[in-house]
Amino acid sequence: MKCLISLILSVALVFETAAEASVRTCEPIKVAMCKNIGYNQTGMPNLARHTLQADADVTLQTFSPLVQYGCSSQLHLFLCAVYVPMCTDKVALPIGPCRGLCESVYARCYPVLRGFGFPWPAELDCSLFPAENNHEHMCMEGEGERAPPLGTIPLDATNAVGRGACRRLVKPNSWVWVRGSGRCAQYCDAEVLWETGERKAAEVWLATWAALSFACTLAAIGAQLACGDRGGAGERALVLVALCRCAAAAGWGVRAAAGRTAAGCAKDSTSPTRMLLAHDGLANPNCAVVFLLLYYFGLAASVWWVVVTGAWRASVLRPPSTPGARNDRHSSLLQLAAWGVPAALAAAVLVTRDVDADELTGTCFVGNQSSKSLLALVIIPETICLLLGTVFLASGLRAVLRRPVPLPAPATLLNAPTQTHPDQSLLRLGAFAALYAVPSACILATWVYEYILREDWLSAPVPSTEPSTQPQPAFWVFLFRIFATQILGVMVAVWIATPRLKALWRRMTGPRKPVLAKCPSGPPPTPLTLHCYATHPHTLTRHPQKYATYRPPQQQSYRKPRHYHYSAGETIL
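Residues numbered from 1 in each chain as written. Predicted model: local features only at pLDDT ≥ 70, side-chain atom pairs only at ≥ 80, totals over all residues. Heavy atoms only, no water.

What follows concerns the pairing of strand S5 (residues 175-178). The alternating pattern of S5 places Trp175 and Trp177 and Val176 and Val178 on opposite faces, both of which are buried. Here 4 bridges tie S5 to strand S6 (residues 183-186), and the two strands are oriented antiparallel to one another. Considered in S6, the bridge of valine 176 is made with alanine 185. (Buried < 20%, exposed > 50% of the residue type's maximum accessible area, 1.4 Å probe, protein only. Helix = DSSP H or I, 4+ residues; strand = E, 2+ residues; numbered from the N terminus. Pairing = 2+ DSSP bridges.)

Bringing the state of the cysteines into the picture now. Under the counting rule described, the total for this entry stands at 7 disulfides. Each disulfide pairs two cysteine sulfurs, and for cysteine 102 the partner residue is cysteine 126, the sulfurs being separated by 2.1 Å. Here cysteine 102 and cysteine 126 share a disulfide; its torsion about the S-S bond, -80 degrees, makes the bridge left-handed. Linking cysteine 102 in helix H5 (residues 99-115) with cysteine 126 in the loop between H5 and strand S4 (139-140), this pair joins segments that are 24 residues apart in sequence. Taken as a pair, cysteine 102 and cysteine 126 share a single burial class, namely buried. Here cysteine 287 is linked by a disulfide to cysteine 364, with a sulfur-sulfur distance of 1.8 Å. One quick way to see it: the torsion about the S-S bond of cysteine 287 and cysteine 364 is about -115 degrees, and its sign makes the bridge left-handed. With cysteine 287 in helix H10 (residues 285-317) and cysteine 364 in strand S10 (residues 364-366), this pair connects stretches of sequence that are 77 residues apart. Each of the two residues, cysteine 287 as well as cysteine 364, counts as buried. Cysteine cysteine 244 is unpaired, with the sulfur of cysteine 246 as its nearest cysteine sulfur at 9.9 Å. (Disulfide = S-S within 2.5 Å.)

Burial analysis of helix H4 (residues 75-83) places 7 of its 9 residues in the buried class, which makes it a mostly covered element. Every buried residue of H4 is accounted for by Leu75, Phe78, Leu79, Cys80, Ala81, Val82 and Tyr83. For H4, the elements touching its buried residues are helix H2 (53-61), helix H3 (64-69), strand S3 (96-97), H5 and S4. (Contact = heavy atoms within 4.5 Å.)

With that settled, the discussion passes to unusual backbone geometry. The residue after methionine 44, namely proline 45, is reached through a cis peptide bond having omega 5 degrees. Topologically, proline 45 is positioned in the loop between strand S2 (41-43) and H2. In the Ramachandran plot, arginine 49 falls in the positive-phi region, its phi being about 70 degrees despite a non-glycine side chain. Here arginine 49 is to be found in the loop between S2 and H2. Of note in this structure, arginine 353 is not a glycine but carries a positive phi near 55 degrees. Its location among the elements puts arginine 353 in the loop between helix H11 (331-351) and strand S9 (355-357).

Let us now look at empty space enclosed by the protein. Counting across every chain of the model gives 2 cavities of 30 Å³ or more. Approximately 30 Å³ is the volume found for the second largest cavity. Lining the second largest cavity are Ser213, Arg245, Ala248, Ala249, Trp252, Thr485 and Gln486. Mapped by element, the contributors of at least two residues to the lining of the second largest cavity are helix H8 (233-258) and helix H14 (475-509). Here the lining of the second largest cavity gets 4 residues from one element, more than from any other, and that element is H8. (1 Å grid on protein atoms, 1.4 Å probe; cavity = no way out; pocket = protein on both sides within 12 Å on 5 of 7 lines; lining within 4 Å. Points joined across faces, edges and corners; volume = space filled by probe spheres on them.)

Using the criterion set out here, one finds 21 aromatic pairs in the structure. When the centroid spacing of 5.0 Å and the interplanar angle of 80 degrees are considered together, the rings of tyrosine 296 and phenylalanine 297 count as edge-to-face. By way of ring pairs, the aromatic residues Trp194, Tyr449, Trp457, Phe475 and Phe478 are connected into one cluster. (Phe/Tyr/Trp six-rings, centres within 6.5 Å; stacked < 30°, edge-to-face > 60°.)

Turning our attention to the packing of H10 against H11. Interhelical geometry of H10 versus H11 gives an angle of 150 degrees and a closest axis separation of 9 Å. Judged by the angle between their axes, H10 and H11 are roughly antiparallel. The handedness of the crossing between H10 and H11 is right-handed. Taking contact as the criterion, the partners of Phe291, Leu292, Tyr295, Tyr296, Phe297, Leu299, Ala300, Val303, Trp304 and Val307 in H10 are, on H11, Leu334, Gln335, Ala337, Ala338, Trp339, Pro342, Ala343, Leu345, Ala346, Val349 and Leu350. Of the residues belonging to the contact of H10 with H11, the class tally is 20 nonpolar, 1 polar and no charged. (Axes fitted to C-alpha atoms, helices over the stretch in contact; angles between N-to-C directions. Parallel < 35°, antiparallel > 145°, perpendicular 65-115°, else oblique. Left-handed = near helix turned anticlockwise from the far one by under 90°. Nonpolar A, V, L, I, M, F, W, Y, C, P; charged D, E, K, R; others polar.)

This part is about the side chain of threonine 485. Along the polypeptide, threonine 485 turns up in helix H14. Within the structure, threonine 485 has its side chain in polar contact with the backbone oxygen of arginine 481 (distance 2.7 Å). Residues in contact with threonine 485, not counting those within four places in the same chain, are Arg245, Trp252 and Ile443. (Polar contact = N/O pair within 3.5 Å; in protein donor to acceptor, adjacent residues only side chain to side chain.)

Attention now goes to H8. The terminal C-alpha atoms of H8 lie 38 Å apart, and with 26 residues this matches the ideal 38 Å at 1.5 Å per residue to within 8%. After H8 finishes, the residue glycine 259 shows a positive phi value of roughly 95 degrees. (Expected span 1.5 Å × (residues − 1).)

Let us now look at the nonpolar core. Buried together is how nonpolar side chains tend to be arranged in soluble globular proteins. Counting 63 residues, the largest nonpolar core has Leu238, Tyr295, Trp305, Val366, Tyr436 and Val492 as the members making the most contacts within it. At 16 residues, H10 tops the list of elements feeding residues into this core. Not counting the four nearest positions on each side in its chain, tryptophan 305 is found in contact with Val241, Cys385, Leu386, Gly389, Thr390, Leu393, Ala433, Tyr436 and Ala437. If you look at the next biggest cluster of nonpolar residues, it comprises 36 residues, including Ala81, Cys102, Leu124 and Cys126. (Core = buried A, V, L, I, M, F, W, Y, C linked by side-chain atoms within 4.5 Å.)

Structure, rendered in structure tokens:
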């Protein structure tokens, strides 16, 4: 009887397996997580009894945080082998993972799940998979672990152990440990935070606004040099702001002309054929040049803007009788501060090799990959400049509002020319300095936004049994930063060129002055002698007071004195 029961069960098992083999057909893999995994055909139902790839995709999404956490380098292959197994026409059963692959993943990832309070799924029990790959049971063994278990990797890992630290980042396969810098570097073409379409759009946006800013500032500087009008201390400092913005726009132009790879990537020292996103500015000359133009002249423009606000405040608080030479008293100190402070900071960045490129545009700057450098070398200096300029503007505005309105003086002559009030140019300079502060504050806000949320963008998500979304940076914020950076140069150029354009327009459209006839060349005219005689000597009476005495003119003249002849009956006119 027992033999009969065993025979019936064996026949039933054979028929069930044959039925599954007849139903299962190979189809292309549609699950995005398992594409380009090493095979492109799968068959349903899978090893977890899912009949549709959509059901398997939903289940795999729950493991996405664990994959991005990087507990095991073979977890990705193991999950796809279970939920999207390999299928081939030569083998009736699906080809899943081997028991050794499962045990390797279990040893590294189960402690992570247990630490977060999650059990090991029942369908991933290692006893369900074949012990080895042979002609009876085909399975996938994997390539073996490339790093020690995650629990043994400290956060500040170095050398060989440091390679495991990169597994803690989002998309760990896009990072590589660099022993020289002691941190993880991103592959040049890896799409970690931005896709290819977003990179191309940002590059076009950057090139357009940089070209406009460079052309406007260069034209404004040329017009200023052609006119030769130096103006006050504030106007001269504003011309230097335009010069700095022109040089910074040239740095963006160098980046656009060189291309992303030539300006923002560098060869790996351990593998020359591998290109990494630049994390050491001295390794790429193009990267170093772009950094110097952007960082040095960008920070110098901010310092010169503070000088503009300080000169405006001094002009507002200065009594009217004080000569304008007071603004030039500390000119040497201002020059030293405006050019020396950015030079010292730029030299510090180069010495510490803290120049790095960003993923979106491939532009070399400081703080693109290091939050500490972004805070210390970008956010804090720009905040100090913005606060100083705001204090100067507020102090000057308070003085303007509390100044008494001057009463107009009565005109002594009817045809006296109207005098232009000097406060008009001061108010115009102050209004421009205040408008310049608005884009600067917006740029600072975008840097603070990146500093606060960068760790969340790059860190692997916490494992969860429910689908979760990885936080992503807002694309429009970085486009707005590019726009605000370049619009500062356009604003300075417009302010410098507006008075000159107005004067040119008035000259072209205003009434033309009559052309004076030139005096004919020749000898000087001879002096004239006037003889005035009256035909009737007694018809015109001489006024006793008006013609009593005659006084010749006292001033010297190049003409000879006229001769007056008196006789009877003459009248002097």
